[in-house]
Amino acid sequence: MENRKGMCIENKSCVSSSGEMSPVGMGERSGRLCRFAFRWMACVLMLVNASTLMAESHESEDERAGQRLFALKVLPVFGEKCFGCHGADVEKRRGEFDMRTLQGLLDGGETGEPAIVPGDPDGSVLVQSIEWQSNEMPPKENDRLSQTQIDAVREWIRLGAAWPDEETQTAIRLEEATREVTDDGVLVTTSGGTSEQWTLRRYDVDDLWALKPVRSETELVGEAAIDSLINRRLDEAGFAAAPRATPVELIRRATFDLTGLPPSPEEIDQFVAASERDPKAAWEELVDRLLASPQYGERAAQHWFDVTRYADTGGMANDYERSNMWRYRDYVIRSFNNDKPYDQFIVEQIAGDELADESVRARLIKSLGEDVDADKLEKQVHQVRLDGDYTAEEAEAIVATGYLRMGHWDNAMVEKEEARQIFLDDIVNNVGQTFLATTLRCVKCHDHKFDPIPTRDYYRIYSAFSATQMAERPVPFLPSENRNGFKEGKRHVERMLAYATTKKNELVSKQEAAARKWFEEHNLPYKNEDERKELPDEMKPPRHVGLNHIEQGRLKVRNQDEWIWTRRLERYQPMAQSVFNSSDVGVNIGARKLRLKEKINLNQPTESFILTGGAITAPADPVGPGVLSMTGVGVRRGEVESNDLGDEYRLTDNINGRRFGLARWIADARNPLTSRAIVNRIWQSHFGVGIAANANNFGAKGAKPTHPELLDFLASDFLNGGWKIKRMHRMIMLSDAYQRSSYHPNHETLRDADPDNTTLAYFPIRRMTAEELRDAMLAMTGELNLEAGGLPISSEINMEVALQPRMIQFSLAPAYQPSRLPEQRNRRSIYAYRVRGQADPMLELFNQPNPNESCERRDVAAVTPQALTLLNSDVMTDRSIAMAKRLQEIEPETHGQIEAAFRILLGRSPRPHESDRLGEYVADMQTYHADVDPEPTEYPTEITRSLVEEFTGRPFEYTEILPVFERYVPDAKPADVSPETRALADLCLLLFNTNEFLYIR
């Protein structure tokens, strides 16, 4: 090309067709023709040359574009979706088709048909396969390529299917890495993924909203800012806001929201009257009164426990009781009632034991002197742990770490290392969900598929907890902790234990008598059961010598019962479900009994690795303690001891201080996730759904905020306000948005245009939660005992469920026995004994969450069994009778009773036609009940259980005692009251089933 161009420029004369040179001195015309011909030929040559240059340039651009597309998009897709079946492993390779090279694609596997035709995507079998036109590849629906991925493969083939060498691919990726923002998205700097492709992956900027620094752009403050930001969205949508709710609606809404209980008729009257005088002042006074109520903490704690998964037992195969877990429950309630700053609340739950240790060290240094030997000091600190010699503040901090014991866990039939991994994985995931609104579970096995969380960061947080050991620790009871019922409860447990022990000893005595006889017959010295365990079989009697299969089965049950009731006695000891720090070496792990060791190892560091595929047997790169690098927020130096590695996201490698450093990082005002997560939960507690609907997941797959500016304003205000939760409740509730009616004048239009009410044009209606339903009925009937804290109570549940066999490993769990007295069992639902393996059927039916998984938002589905239960269950019958008895104490006449029923249950007086119709209904039911003679309710004092003996496979029976029913004081039953009371109870049952009662507007 260049030569032709050069010849054209250098040619000075005309050339004849024969190749001869024409003379220069020809005539003018001939000269003009010659010059014209030369110029014409030159132009032609130049056009040809330019066309060739453009074509070659275009080819070069296509090739470069194809190379970039391949290195950045196509090859990662092949690696993720294809190489598993068409890669390096010959044995796993399908159809002899190797996709790791361009030649492999061109050869096409066993059919010999090329998989791609460069330049022709429509004629390429590969494209037809990934589009599921012919073959369906990948074959599983969940593994199908997205349309974006398919488009990338098609375009790559259209551009010629360039497959650059490794050096070129690396150069392309490195060049791409220098561009922070491209059309493909944003780069996020992290600690690095397990592959270069993941590390250089780009993200949609909209998916990273939660990682941006918290900044409020409004100059308004308080509730005015809330309303301004919501009204702006309403104006953009062209909607008007609903009017203000009525005073009755407002007090009912606020009282349930902040206390989980209904307002009394007297409270309603007082608020309505105050609202007539000064609506604003009345509302502010109401909100302040409710926030100061002791019941506020109980309601707030219920929200917290949905996320942290509170239960009194460990779940899984044995479902062992976690004695004194109630102390953590009460710590949370106290914290909310005292309006503890949220950053302090975080640190205490994650690292309270480390806070206590530091306080103890300070005390000891004060008494032993500044120059005390470090090893001696640590021995003294550990002696304090063993003795439980703590101040009230130190004890409170240790009790707070009960949070780290919330997960369901048992080591039965699990290897030690795996059991330990289960414990740590559970903590890492729940810490992410609870405090950071970030799901971390899938990062255990691989770099996150959608969010910029490398698996390295998962194992860094895992390493921060790797020295955390479970323990039931001696911790003195606090003056604020309720110890009522200890004596009676202990007597009951001791009786159950004595029964189990007596029955066990009878069987052991029979067995050992037979064992003595066996040893005598074999001329061998007698050895008891423990001593003979290690003897060879020929030197000892059969395992259950002297016992038939029935007795063998009963012995196993009695052994298990003895252990269960012995553990139950720990309820009455100053112990706390907590943790401590130690190297893993030599630490026993077992759900049956977790105690502090006499000596702990703080010098030998724990080792943590990235586990390939999450498998404990496949350690890869070592990792140290650290935090999530995607936030761009490093660990504050000076607050934790640096690891001196120059990595701002790494925590100390020392055994002590890891969790404290992690907790301080979570509670750092710079952390963009923490403040957004908690204010979103607070908003959700009022409006039923958060500004970001997935409160546990602010990542790419979570719902985006409907009002992002509002969420940032709340987060910023929360930080500036000292991390105070009550202050946030107050500000939200004083807004016009919270005080709006649930009825909108243009409801039909809104239902079509904004079916989910994302504009907040009106206040959303919600059904009572399970606990609110139970507690509200008890409050209205006058049965509710508002005593706070202390031992868990056992409410009366369906007797079939209470007495049904509940399998635990090798045995049956003891039957559920309710608390003996009504005032004991009719306390608030948050104080009910929460057994993972045996849910309260009423609460479960109304969507109380399963405590095995964190619940970001409760299911509100209405299903048929709920309606049947509200009409027919024993619980509803009992509450209706109790309500009827209260009404009879208030008013002697039917119409007065109807008036009182409406006022108490619905917060209003009945309309005339309602009063008349219900009066007739009560009269009809009195006639009906006069001819009905209900059977009295009887409670068993013992039951017979049936099991299959493990080794013989034969069934056996045994007796279980139920002493609580010997002096049981039941709630009033139909047989205990008159026909008139039963008729009035039917009226109460009807009102309990109304939407007006069940739903809060």
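Residues numbered from 1 in each chain as written. Predicted model: local features only at pLDDT ≥ 70, side-chain atom pairs only at ≥ 80, totals over all residues. Heavy atoms only, no water.

Draft legend 1. Representation of unusual backbone geometry in the model. Of the consecutive residues Met-137 and Pro-138, the connecting peptide bond is found in the cis state with omega at -10 degrees. Note that Pro-138 resides in the loop between α4 (125-130) and α5 (147-158). Here the phi dihedral of Ala-161 falls at roughly 60 degrees; this positive angle occurs in a residue that is not glycine. Within the fold, Ala-161 resides in the loop between α5 and α6 (166-177). Accessibility expressed as a relative area gives 1% for Ala-161, which makes it buried. A positive phi angle is found at Arg-309, which is not glycine, with a value near 75 degrees. Turning to its location among the elements, Arg-309 is positioned in the loop between α12 (294-308) and α13 (326-337). (Helix = DSSP H or I, 4+ residues; strand = E, 2+ residues; numbered from the N terminus. Buried < 20%, exposed > 50% of the residue type's maximum accessible area, 1.4 Å probe, protein only.)

Draft legend 2. Representation of the sheet that holds strand β1 (residues 181-182). Spatial strand order, β1-β2-β3: 3 strands in an open sheet with antiparallel pairing. Strands with a single pairing partner mark the edges of an open sheet, and in this sheet they are β1 and β3 (202-203). Direction of pairing for β1 relative to strand β2 (residues 185-187): antiparallel, over a ladder of 2 bridges. The partner of Val-181 across the bridge, within β2, is Val-186. (Pairing = 2+ DSSP bridges.)

Draft legend 3. Representation of the side chain of Asp-754 within the structure. Relative to the helices and strands, Asp-754 is located in the loop between α26 (747-753) and β8 (766-767). One buried charged residue, Asp-754, forms no salt bridge at all, with the nearest opposite charge on Arg-233 at 5.9 Å. Polar contacts involving the side chain of Asp-754 include one to the side chain of Thr-759, which spans 2.6 Å. (Lys, Arg positive; Asp, Glu negative; His and termini not counted. Salt bridge = Lys/Arg side-chain N within 4 Å of Asp/Glu carboxyl O. Polar contact = N/O pair within 3.5 Å; in protein donor to acceptor, adjacent residues only side chain to side chain.)

Draft legend 4. Structural context of the environment of Gln-197. Positionally, Gln-197 belongs in helix α7 (residues 196-199). On the accessibility criterion, Gln-197 (30% relative accessible area) is partly exposed. Sequence separation between Gln-197 and Ile-678 is 481 residues; the distance between their C-alpha atoms is 34 Å. Beyond its immediate stretch of four places on either side in the chain, Gln-197 contacts Leu-75, Pro-76 and Arg-173. (Contact = heavy atoms within 4.5 Å.)

Draft legend 5. View of the packing of aromatic side chains. This model, assessed by the stated rule, comprises 40 aromatic pairs. Aromatic pair Trp-209 and Phe-698: ring centres 4.8 Å apart, planes at 50 degrees, arrangement tilted. With Trp-209 in the loop between β3 and α8 (222-237) and Phe-698 in the loop between α22 (674-687) and α23 (708-720), the pair connects residues that are 489 residues apart, well separated along the chain. With respect to class, Trp-209 is no different from Phe-698; both count as buried. Note on Phe-687 and Phe-763: the rings are 5.4 Å apart at their centroids and 50 degrees apart in plane angle, and the pair reads as tilted. Placement of Phe-687 in helix α22 and of Phe-763 in the loop between α26 and β8 is noted, with a sequence separation of 76 residues between them. A residue is classified by how much of its surface remains accessible, and Phe-687, at 5% relative accessible area, is buried. Through a chain of ring-to-ring contacts, three or more aromatic side chains come together here, namely Trp-304, Phe-305, Tyr-310, Tyr-328, Tyr-331, Phe-336, Tyr-342, Phe-345, Tyr-403, Phe-435, Phe-718 and Trp-723. Across from the ring centre of Phe-763, 3.7 Å away, lies the NZ or CZ of Arg-253, which sits over that ring. The ring of Tyr-833 has Arg-571 lying over it, and the distance from NZ or CZ to the ring centre is 4.8 Å. (Phe/Tyr/Trp six-rings, centres within 6.5 Å; stacked < 30°, edge-to-face > 60°. Lys NZ or Arg CZ within 6 Å of the ring centre and 35° of its normal.)

Draft legend 6. Expanded view of the pairing of strand β11 (residues 942-948). Residues Ile-943, Arg-945 and Leu-947 point to one face of β11 and are all buried, whereas Glu-942, Thr-944, Ser-946 and Val-948, pointing to the other face, are not buried. Relative to strand β12 (residues 955-961), β11 runs antiparallel, the two sharing 7 bridges. Each residue of the ladder has a partner; that of Thr-944, found in β12, is Thr-959. Two successive antiparallel strands, β11 and β12, enclose a turn made up of 6 residues, where Gly-953 displays a positive phi of approximately 75 degrees.

Draft legend 7. View of a negative patch on the surface. The grouping of Glu-217, Asp-235, Glu-236 and Glu-709 at the surface amounts to a negative patch. The class for Asp-235 is exposed, based on a relative accessible area of 59%. (Patch = residues over 30% accessible without salt bridge, like charges linked within 9 Å, V, L, I, M, F, W, Y side chains within 5 Å. Areas by Shrake-Rupley, 256 points an atom, 1.4 Å probe, with all protein chains shown as cover. Charge placed at Lys NZ, Arg CZ, Asp CG, Glu CD.)

Draft legend 8. Broad picture of the nonpolar core. Trp-283, Tyr-328, Tyr-342, Phe-435, Phe-465, Trp-683 and Leu-714 are the most contacted members of the largest nonpolar core, which has 156 residues in total. Top element by residues in this core is helix α14 (residues 342-368). It accounts for 9 residues. Trp-283 has contacts with Arg-244, Leu-250, Ala-254, Phe-271, Met-733, Leu-734, Tyr-738 and Gln-739, leaving out every residue within four places of it along the chain. (Core = buried A, V, L, I, M, F, W, Y, C linked by side-chain atoms within 4.5 Å.)

Draft legend 9. Layout of the confidence of the model for the chain. Model confidence for the chain is summarised by a mean pLDDT of 90, while 93% of its residues fall at 70 or above. Ignoring residues within four places in sequence, the model shows residues 1-57, a span with pLDDT below 50, making 14 contacts including any to other chains. (pLDDT = per-residue confidence, 0-100.)

Draft legend 10. Structural view of the UniProt feature "domain: Cytochrome c" (unreviewed entry) in the chain. The feature "domain: Cytochrome c" (unreviewed entry), as annotated in UniProt, sits at residues 61-192 in this numbering. From the first C-alpha to the last, residues 61-192 spans 32 Å; its make-up is 47% helix and 4% strand. (UniProt positions renumbered as here; feature names shortened; annotations may be inferred.)

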